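Each chain is listed here by its residues.
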Amino acid sequence: MKLYLTIILIFYSLNIYATTKVGYIEDFGDINHIEWNKNTTYYAPVYIGDTITVKEDGFININQCNQVYKITNENSPYTVQKTGCDVIKITDNIWLAIKTFAKYVTTILDAPPIEARTKSPEDPPTIQMLESIPFTTPTLKAGKRNLFLKWSGGKAPYQLKIINTKQKNTLWETKIELNFAKTNKINLQAGEYQLIIQASNRTQKYDFEVVERIDYSEELQDLPENLRTTLQAAWLVSRDKTNRIKWSFEAYQQLSKFKEYGPARELRKALEQERNF
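A quick note: this is a predicted structure, and the numbers were derived from the prediction, not measured. (Residues numbered from 1 in each chain as written. Predicted model: local features only at pLDDT ≥ 70, side-chain atom pairs only at ≥ 80, totals over all residues. Heavy atoms only, no water.)

Caption draft 1: The arrangement of the pattern of salt bridges in detail. For the structure shown, the criterion picks out 6 salt bridges. Where D27 meets R265, a salt bridge forms, and the shortest distance between an N and an O atom there is 3.6 Å. Of this pair, D27 sits in strand β1 (residues 21–28) while R265 sits in helix α5 (residues 262–274); the two residues are 238 residues apart in sequence, bridging distant segments of the chain. Residues D27 and R265 agree in their burial class; the two are buried. Two residues, K38 and D50, come together in a salt bridge whose shortest N-O distance is 2.9 Å. Placement of K38 in the loop between β2 (34–35) and β3 (45–47) and of D50 in the loop between β3 and β4 (51–54) is noted, with a sequence separation of 12 residues between them. Judged by relative accessible area, D50 falls into the buried class, the value being 7%. (Salt bridge = Lys/Arg side-chain N within 4 Å of Asp/Glu carboxyl O. Helix = DSSP H or I, 4+ residues; strand = E, 2+ residues; numbered from the N terminus. Buried < 20%, exposed > 50% of the residue type's maximum accessible area, 1.4 Å probe, protein only.)

Given below as structure tokens:
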């Protein structure tokens, strides 16, 4: 995980103001499959005339003017061309946000794991991100949204249900053989809810609440959506242990929307490891 401190901490700080910079590396696959005359790292700047070659089944995504160019073995070598937008403002905003929020990401990656739970099929199905403590309940933001669920323990098949605790109505339910699921879009309004996971041998119930809004820093507003969401998720769970328990489930939902975006993917893995998936 230390490798991925570059996600937030490194933006080629000595070179970000170079006038020939026309974009940055947003994501990449196996680093051994990429030939470039500079260091390949998240958010490294690219310049006019840079040539990038991808071997075998690797890939690299270059973001220019908020348009992503995916380079693979089939369309490389790729030569970076001049773009018509002002990327300096974008770079400045990203750099300021990264410096401000780096400490939150460091906190995630350096945190000791939560005490491990048994994951035997004989145990109840467990989602540790949804386990509350006195006076602290896992919390989500209101809205029409899909939820990403993943659990350990219990025997298949599983029957899942999300209910509005106060109104006693079922918002979503399914039966599945796998230990992960993505819900349909659920209209979550402020209030109290319960997720029920019924395995063939055991049942587990989790309470969570929904709030109308989350107040993020204004510094994040002008960033590209995938970077902004990754930093928001990091900020949510990294302020102290109580906030970790309260907001891990929300952060996980945000990161799960960007499965093809390297920084979000790696932070989601770190969060999974911390909460013992």
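Caption draft 2: Local environment of the nonpolar core. Core analysis: the biggest nonpolar cluster contains 59 residues, and I60, W151, L160 and L195 have the highest contact counts within it. The element best represented in this core is helix α3 (residues 225–237), accounting for 6 residues. Setting aside chain neighbours within four positions, we find I60 in contact with I25, D27, F28, I34, T40, I52, V54, Y69, K70 and I71. (Core = buried A, V, L, I, M, F, W, Y, C linked by side-chain atoms within 4.5 Å. Contact = heavy atoms within 4.5 Å.)

Caption draft 3: Looking closely at the pairing of β1. Taking burial as the measure, the 8 residues of β1 include 8 buried ones, the bulk of the element. In this structure, β1 lies alongside β3, joined through 3 bridges in antiparallel fashion. What sits directly across from K21, in β3, is Y47. In this structure, β1 lies alongside strand β5 (residues 59–64), joined through 4 bridges in antiparallel fashion. Following the sheet pairing, Y24 is matched in β5 by N63. (Pairing = 2+ DSSP bridges.)

Caption draft 4: Local environment of the sheet that holds β1. Judged by pairing direction, the sheet is antiparallel, and its 4 strands sit side by side in the order β3-β1-β5-β6 without closing on themselves. This sheet does not close on itself; its edge strands, each paired only once, are β3 and β6 (67–72). This sheet shows a mean twist of 35° between the axes of neighbouring strands, independent of strand direction. Bridge analysis of β5 against β6 gives 6 bridges, and the strand direction is antiparallel. By the bridge assignment, F59 is partnered in β6 with T72. (Axes fitted to C-alpha atoms, helices over the stretch in contact; angles between N-to-C directions.)

Caption draft 5: Representation of the packing of aromatic side chains within the structure. All chains considered together, the criterion is met by 4 aromatic pairs. Ring centres of W151 and Y158 lie 5.3 Å apart, and the angle between their planes is 80°; this geometry places the pair in the edge-to-face category. Using a relative accessible area of 1% as the deciding quantity, one classes W151 as buried. Of the residues examined, Y158 reaches a relative accessible area of 7% and is grouped as buried. Residues Y193 and F208 carry aromatic rings whose centres are separated by 5.7 Å and whose planes lie at 15° to one another, so their mutual orientation is stacked. Here Y193, found in strand β15 (residues 191–198), pairs with F208, found in strand β16 (residues 203–211); they are 15 residues apart in sequence, far enough to count as distant. There is no split in this pair, since Y193 and F208 are both buried. When the ring centre of F59 is taken as reference, the NZ or CZ atom of K70 above it lies at 4.7 Å. (Phe/Tyr/Trp six-rings, centres within 6.5 Å; stacked < 30°, edge-to-face > 60°. Lys NZ or Arg CZ within 6 Å of the ring centre and 35° of its normal.)

Caption draft 6: Region of interest: helix α4 (residues 241–256). For α4, built from 16 residues, the straight-helix expectation of 22 Å at 1.5 Å per residue is met to within 8% by its first-to-last C-alpha distance of 22 Å. Within α4, 13 of the 16 residues are buried, leaving the element largely enclosed by the surrounding structure. (Expected span 1.5 Å × (residues − 1).)

Caption draft 7: Fine view of α3. Between its terminal C-alpha atoms α3 stretches 19 Å, which fits the 18 Å expected from 13 residues at 1.5 Å a residue. The buried count for α3 comes to 12 of 13 residues, which makes it a mostly enclosed element. All of the buried residues in α3 are N226, L227, R228, T229, T230, L231, Q232, A233, A234, W235, L236 and V237.

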